[in-house]
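Below, each chain spelled out in residue letters.
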Amino acid sequence: MSEILLQAAIVIFVYFFAFFLVAQFIRNNSIVDMGWGAGFVVVAFVTLLSQGAYAERNLLITLLITIWGGRLTYYIVRRNWGKPEDFRYAKWRKEWGSWLVPRAFLQVFMLQGLLMLIIGYPIIVVNSSPQPGLNFIDYLGLFIWITGFFFESVGDKQLAEFKKDPANKGHVIQSGLWKYTRHPNYFGEATMWWGIFLLTISVPLGWSAVISPLTITLMLLYVSGVPMLEKKYKDNPEFQEYARRTNKFFPWVPKK
């Protein structure tokens, strides 16, 4: 287990170091977001192939990570390609001044690498362990993962289509899945990792993989996901009325 964990850590370090170098050359640290989903796919295949174990659980978790990571990468690259640095990273660029390069290296690229190692931990656990056959908990985990993938992918698609319409400029999306939760894509992201955790729980040390969904859920709810967008719209009356009616994270029927 320690050997494959170290292997994954080295792969992630090299991966994000490469992104860091490119980002400094093009002066755009937000390209780190383009590498997020694909990085998990790299970790999944490296750990799968290095161990040479191709049981149902290994292949299933690698397939799910590939579907999720591939879709997310395509979505973010298509959304961000050719656009200026994202407002969050541009803000840090101004604030960090002469410390920009070392702080970007540590607080953007290496921090994302550490988070990838923590959140991707279930992949490492599965691909380093003897594989019992799939059971009811695994199928429940698969169902939860599919639910999360639906919320994330459909939520992203609905938002992209909403933004395409010039008539919606300056307005807040409140239709589709966004009618039931203000952040269906973030809810879906967290839900998928809880599904992955259930697929991990039957293998040795599988219980320790709970750190993955806990980390991503707490981050999305309290650090980098929901809070940043909520703060961005805090002075928007339309958003405040929307927030009054609609649950922040967990989907539910809107209030009247």
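For clarity, every value in this text was computed on a predicted model and none was experimentally measured.

## Regarding the overall build of the protein chain
Assigned secondary structure in the protein chain consists of eleven helices and zero strands. Along the protein chain, helices and strands appear, N-terminal first, in the series α-α-α-α-α-α-α-α-α-α-α. A compact globule built from 256 residues should have a C-alpha radius of gyration of about 18 Å, and the protein chain, at 19 Å, falls within 12% of that. The C-alpha extent of the protein chain, read off along each of the three principal axes, is 55 × 50 × 25 Å. Looking at the protein chain residue by residue over its 256 residues, the buried ones come to 46%. In the protein chain, of all internal contacts separated by at least 6 residues, the share reaching a separation of at least 24 is 79%. Accessible area for the protein chain stands at about 13400 Å²; split by element, carbon and sulfur atoms hold 70% of it. For the protein chain, the distance from the average position of its 25 positive side-chain charges to the average position of its 16 negative side-chain charges is 7 Å.

## A short note on helix α5 (residues 100-119)
With 20 residues, α5 extends 26 Å between its outermost C-alpha atoms, agreeing within 8% with the 28 Å of an ideal straight helix rising 1.5 Å per residue. Approximately 35° is the largest bend angle found in α5, and it occurs at Met110. Within α5, the full set of buried residues consists of Leu100, Ala104, Val108, Phe109, Met110, Gln112, Gly113, Leu115, Met116 and Ile119. If you follow the buried residues of α5, they end up packed against α1 (2-26), α2 (36-51), α4 (87-96), α6 (121-127), α8 (184-200) and α9 (211-222).

## As for the pattern of salt bridges
Counted according to the given criterion, the structure contains twelve salt bridges. A salt bridge links Asp33 to Arg88; the shortest N-O distance between them is 3.0 Å. Placement of Asp33 in the loop between α1 and α2 and of Arg88 in helix α4 is noted, with a sequence separation of 55 residues between them. Asp33 gets classed as buried once you look at its relative accessible area, which sits at 12%. Asp86 serves as the salt-bridge partner of Arg88, at 2.7 Å between the closest nitrogen and oxygen. Members of the salt-bridge network, linked through shared partners, are Asp33, Asp86 and Arg88.

## Observations regarding the packing of α1 against α5
The interhelical angle for the contact between α1 and α5, taken along N-to-C directions, is 145°, at an axis separation of 9 Å. In this structure, α1 meets α5 at a crossing whose hand is right-handed. Counting all contacts with α1, which are made through Leu5, Ala8, Ala9, Ile12, Phe13, Phe16, Phe17, Phe19, Phe20, Ala23 and Gln24, the residues of α5 involved are Val101, Phe105, Phe109, Met110, Gln112, Gly113, Met116 and Leu117. Of the residues contributing to the contact of α1 with α5, the split by class is 16 nonpolar, three polar and no charged.

## What to know about the packing of aromatic side chains
Counted under the stated rule, the structure contains 23 aromatic pairs. Geometrically, the ring pair formed by Trp36 and Phe40 is edge-to-face, given 4.9 Å between the ring centres and 80° between the ring planes. With Trp36 and Phe40 both in helix α2 and four residues apart, this pair spans about one turn of that helix. Phe40 shares its class with Trp36; the two are buried. Plain terms: the ring middles of Phe239 and Tyr242 are 5.9 Å apart, the flat faces sit at 70° to each other, and that makes the pair edge-to-face.

## Regarding the packing of α2 against α5
Running from amino to carboxyl end, α2 crosses α5 at an angle of 50°, the nearest separation of the two axes being 11 Å. Comparing the axis directions of α2 and α5 gives the class oblique. Seen along the crossing, α2 lies across α5 with a hand that is right-handed. In this structure, α2 uses Trp36, Gly39, Phe40 and Val43 to contact α5, whose residues at the interface are Gln112, Leu115, Met116 and Ile119. Residue composition of the contact of α2 with α5, grouped by class: six nonpolar, two polar and no charged.

## Focus on a positive patch on the surface
On the surface, a cluster of positive charge is contributed by Arg79, Lys83, Lys163 and Lys232. Residue position: Arg79 is located in helix α3 (residues 56-80).

## Thoughts on the side chain of Thr191
Looking at the secondary structure, you find Thr191 in helix α8. What Thr191 contacts, discounting residues up to four positions off in sequence, is Ile144 and Gly148.

Definitions and cut-offs
- Residues numbered from 1 in each chain as written.
- Predicted model: local features only at pLDDT ≥ 70, side-chain atom pairs only at ≥ 80, totals over all residues.
- Heavy atoms only, no water.
- Helix = DSSP H or I, 4+ residues; strand = E, 2+ residues; numbered from the N terminus.
- Rg over C-alpha atoms; globule rule 2.2 N^0.38 Å.
- Buried < 20%, exposed > 50% of the residue type's maximum accessible area, 1.4 Å probe, protein only.
- Contact = heavy atoms within 4.5 Å.
- Areas by Shrake-Rupley, 256 points an atom, 1.4 Å probe, with all protein chains shown as cover.
- Lys, Arg positive; Asp, Glu negative; His and termini not counted.
- Charge placed at Lys NZ, Arg CZ, Asp CG, Glu CD.
- Expected span 1.5 Å × (residues − 1).
- Bend = angle between axes of the 7 residues up to and from the residue.
- Salt bridge = Lys/Arg side-chain N within 4 Å of Asp/Glu carboxyl O.
- Axes fitted to C-alpha atoms, helices over the stretch in contact; angles between N-to-C directions.
- Left-handed = near helix turned anticlockwise from the far one by under 90°.
- Nonpolar A, V, L, I, M, F, W, Y, C, P; charged D, E, K, R; others polar.
- Phe/Tyr/Trp six-rings, centres within 6.5 Å; stacked < 30°, edge-to-face > 60°.
- Parallel < 35°, antiparallel > 145°, perpendicular 65-115°, else oblique.
- Patch = residues over 30% accessible without salt bridge, like charges linked within 9 Å, V, L, I, M, F, W, Y side chains within 5 Å.

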